[in-house]
Amino acid sequence: MIVADAPGKIILFGEHFVVKGVPALAMAINLRARVVFNITNNNCLVLDSRIIGRYELCGHSERIERKGDLLKPYLTIIDNEYNRHHNGLYIVIDSQIPIGAGLGSSGATSIALSGGIVFLNKGCVDKTTVYGLAMKAESIFHSKPSGIDPRTSLEGGLILYRDQKRFDKLSYRIPSDIDFLIVNSGIPRKTSLAVTKVLNRYERQKKIMQKIYEAAEELIIEALNTLKHGDYTALGELMLINQGLLNAIGVSYPVGEKIIKMAIDSGALGAKITGAGLGGYILILVEKEKEKKVAKKIEEEGFKDIIKVNYDHRGLHVVSES
Ligand code: MEV
């Protein structure tokens with residue numbers, strides 16, 4: 001049996017802007033996607049997820065149950081590699097990362113799935129192959145993915161991401177008196193729709209959008225400076241400016257703005273969309289001593305799904321168990 005797991009992510013700065021080459025800052029979090037591979041002898045390939053459905057290929061007979069569309073991108077990862085396992089594979093996906101939430105669920109699952117299958121074939125994890133396979137699935141899930149999600153899941157920690165080939169794993173420590181909360185807006189959304197909306201606005205309003213993208217680039221430079229100096233008050237303010245830019249490019253939404261306002265009014269340092277926007281989770285930066293007050297206020301307004309997430313330095317992890 002092989003067990004592979006990889007973390008979800010939050011984007012601290014730069015979602016959407018990164019799709020057009022502006023660097024972005026992402027952090028792996030302690031919610032993980034886990035994929036278990038059992039080698040079988042029944043000539044069947046099974047991909048099974050409690051949440052997104054089940055795919056079964058026995059000989060030439062194929063069956064897809066429940067939300068087949070969400071499973072299909074993952075099948076492209078296995079397709080390439082399965083032929084070497086004619087005797088059968090039973091694969092179970094089990095993820096702690098909410099789906100359609102901006103927390104990198106598909107990126108983490110793709111990385112864990114690719115990591116496990118590459119390990120099965122090669123006996124080791126070759127990161128270039130794993131990332132390439134995961135990007136195949138990501139390209140089906142999202143239109144024009146920048147690749148930041150699977151990269152963060154693969155490497156873990158704090159990632160300054162430029163493009164598929166260029167990224168840095170940063171060594172800044174997040175102090176123990178700072179917390180990150182994520183709040184479910186209750187509004188489901190699709191990354192591909194948000195990305196398309198932004199790219200269309202970019203084409204229509206190129207001159208102005210270019211200025212906004214320049215501001216997003218400046219923001220990253222400033223954010224790195226504040227992180228280096230551990231100035232979390234300034235970092236919170238930069239998150240709010242980032243939120244303003246996200247609003248300008250068209251991915252903010254009223255419920256999200258409401259949560260952000262409640263967070264700031266009750267003492268948080270900063271708050272913003274994380275991921276594609278137009279729904280999903282809102283990210284809040286808060287001092288530990290104010291965390292309970294902020295969470296209580298938001299909960300009282302009916303947003304009960306609030307999770308405290310921690311920095312996870314571990315990226316993809318694959319083990320062989322007997
Ligand atoms: C999704 O987590 C982040 C986006 O920038 C899309 C991408 O970079 O692929 C919205």
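Structure first, text after, so check above.
This report concerns the structure included in the present document. (Residues numbered from 1 in each chain as written. Predicted model: local features only at pLDDT ≥ 70, side-chain atom pairs only at ≥ 80, totals over all residues. Heavy atoms only, no water.)

## Side note on the overall build of the chain
Inclusion rule: Runs of H or I in DSSP of at least four residues are treated as helices and runs of E of at least two as strands, each being numbered from the N terminus. In this description the radius of gyration comes from C-alpha coordinates, and the expected globular size is given by 2.2 Å times residues to the power 0.38. Think of it in three bands: with a 1.4 Å probe and only protein chains considered, a residue is buried below 20% of the maximum accessible area for its type, exposed above 50%, and partly exposed in between.
Looking only at helices and strands, the chain features 9 helices and 13 strands. Its C-alpha radius of gyration of 20 Å places the chain within 12% of the 20 Å reference for a compact globule of 322 residues. Its C-alpha atoms give the chain principal-axis dimensions of roughly 60 × 45 × 35 Å. Here the chain holds 322 residues, and 56% of them are scored as buried.

## Regarding the environment of Ala 271
Put simply, the rule is: Every residue pair with non-hydrogen atoms within 4.5 Å of one another is taken to be in contact.
Mapping Ala 271 onto the fold places it in strand S10 (residues 270-273). Counting along the chain gives 83 residues from Ala 271 to Pro 188, while the straight-line C-alpha distance between them is 19 Å. If near-sequence neighbours (up to four positions away) are discounted, Ala 271 is found in contact with Met 239, Leu 240, Gln 243, Ile 260, Ala 263, Ile 264, Leu 283 and Ile 284.

## Looking at the pairing of strand S8 (residues 167-170)
Keep this limit in mind: Two strands make a pair as long as DSSP finds a minimum of two bridges between them.
Sheet topology note: the strand S7 (residues 158-161)/S8 ladder contains 4 bridges and is antiparallel. Residue pairing in the sheet places Leu 160 in a bridge with Asp 168 of S8. Taken together, S7 and the strand that follows it, S8, pair antiparallel across an intervening segment of 5 residues.

## Describing helix H8 (residues 254-265)
Rules: To estimate how far a helix should reach, multiply one less than its number of residues by 1.5 Å. Think of it as the arc spanned by the lines of direction from the helix axis to the C-beta atoms.
Over its 12 residues, H8 runs 16 Å from end to end, which matches the ideal 16 Å to within 8%, given 1.5 Å per residue. Of all the positions in H8, only Gly 256, Ile 259, Ile 260, Met 262 and Ala 263 are classed as buried. One side of H8 carries all its buried residues, which in axial view fall inside an arc of 160°. In H8, the exposed positions that point more than 90 degrees away from the buried face belong to Pro 254, Lys 261 and Asp 265. After H8 finishes, the residue Gly 267 shows a positive phi value of roughly 110°.

## Focus on the pattern of salt bridges
Put simply, the rule is: Whenever Lys or Arg places a side-chain nitrogen within 4 Å of a carboxyl oxygen from Asp or Glu, that contact is recorded as a salt bridge.
Summed over all chains, the structure comprises 21 salt bridges. In this structure, Arg 314 and Asp 312 form a salt bridge, with 3.6 Å as the shortest nitrogen-oxygen distance. Asp 312 gets classed as buried once you look at its relative accessible area, which sits at 6%. What you see here is one network of salt bridges that share partners, running through Asp 5, Arg 32, Asp 312 and Arg 314.

## Points about the site of the ligand
This is how the line gets drawn: What makes a residue near a molecule or strand is one non-hydrogen atom of that residue sitting within 4 Å of it. Contacts described as polar in this section are N or O atom pairs within 3.5 Å, which, within protein, must combine one atom able to donate a hydrogen with one able to accept it, while residues neighboring in sequence count only if both atoms come from side chains. Computed by Shrake-Rupley with a 1.4 Å probe, the accessible areas treat only the displayed protein chains as cover when residues are assessed. Only Asp, Glu, Lys and Arg are considered charged in this grouping, and only Ala, Val, Leu, Ile, Met, Phe, Trp, Tyr, Cys and Pro are considered nonpolar; every other residue, Gly among them, is considered polar.
The ligand sits among Lys 9, Ile 11, Glu 15, His 16, Val 18, Val 19, Pro 145, Ser 146, Ile 148, Asp 149, Gly 275 and Ala 276. Between the ligand and the protein, one listed contact pairs an oxygen atom with a side-chain N or O atom of Ser 146 at 2.5 Å. Residue Asp 149 places a side-chain N or O atom 3.0 Å away from an oxygen atom belonging to the ligand. Taken by itself the ligand offers 290 Å² of open surface, and the protein chains cover 97% of this. Counting only elements with at least two residues in the shell around the ligand, the list comes to strand S1 (2-13) and helix H4 (148-155). Tallied by class, the residues present in the shell around the ligand amount to 6 nonpolar, 3 polar and 3 charged.

## Details of the state of the cysteines
How we decide: Cysteine sulfur atoms that come within 2.5 Å of each other are treated as a disulfide pair.
One pass over the structure, following the stated rule, counts 1 disulfide. Each sulfur in the disulfide pair Cys 44 and Cys 58 lies 2.0 Å from the other. Handedness here is read from the sign of the S-S torsion; for Cys 44 and Cys 58, about 115°, the answer is right-handed. Residue Cys 44 is found in strand S3 (residues 44-49), and its partner Cys 58 is found in strand S4 (residues 53-58); the two are separated by 14 residues along the sequence. Assessed through its relative accessible area of 10%, Cys 44 is described here as buried. With relative accessibility at 26%, the residue Cys 58 sits in the partly exposed group.

## As for helix H9 (residues 288-300)
Relative to the 18 Å expected for 13 residues at 1.5 Å per residue, H9 spans 19 Å between its end C-alpha atoms, a close match to the ideal helical length. One or two residues past the end of H9 sits Gly 302, with phi positive at roughly 100°.

## Describing the nonpolar core
Rules: The term nonpolar core refers to a set of buried residues drawn from Ala, Val, Leu, Ile, Met, Phe, Trp, Tyr and Cys, joined through side-chain atoms within 4.5 Å.
Core analysis: the biggest nonpolar cluster contains 64 residues, and Phe 13, Leu 25 and Ile 284 have the highest contact counts within it. Ranked by residue count, the leading element in this core is helix H6 (residues 206-229), at 9 residues. Setting aside residues no more than four positions away along its own chain, Leu 25 makes contact with Ile 10, Ile 11, Leu 12, Phe 13, Leu 158, Ile 159, Leu 160, Leu 170, Ile 220, Leu 224 and Leu 227. Residues Ile 11, Ile 111, Leu 120 and Tyr 161 belong to the second largest nonpolar core, which totals 41 residues.

## Quick notes on the packing of aromatic side chains
Counted only if it meets this: Geometry of aromatic contacts follows a simple scheme: Phe, Tyr and Trp rings, the Trp one being its six-membered ring, pair when their centres are within 6.5 Å, and the pair is stacked under 30 degrees between planes, edge-to-face over 60, tilted otherwise.
What the rule picks out here adds up to 3 aromatic pairs. Taking 4.8 Å as the distance between ring centres and 80° as the angle between the ring planes, the aromatic pair formed by Phe 17 and Tyr 213 counts as edge-to-face. Of this pair, Phe 17 sits in the loop between S1 and strand S2 (24-39) while Tyr 213 sits in helix H6, and the two are 196 residues apart along the sequence. The burial state of Phe 17 is the same as that of Tyr 213; both residues are buried. Between Tyr 202 and Tyr 213 the ring centres are 5.0 Å apart and the planes differ by 75°, which places this aromatic pair in the edge-to-face class. Taken together, the positions of Tyr 202 in helix H5 (residues 191-204) and Tyr 213 in helix H6 put the pair 11 residues apart, joining distant regions of the chain.

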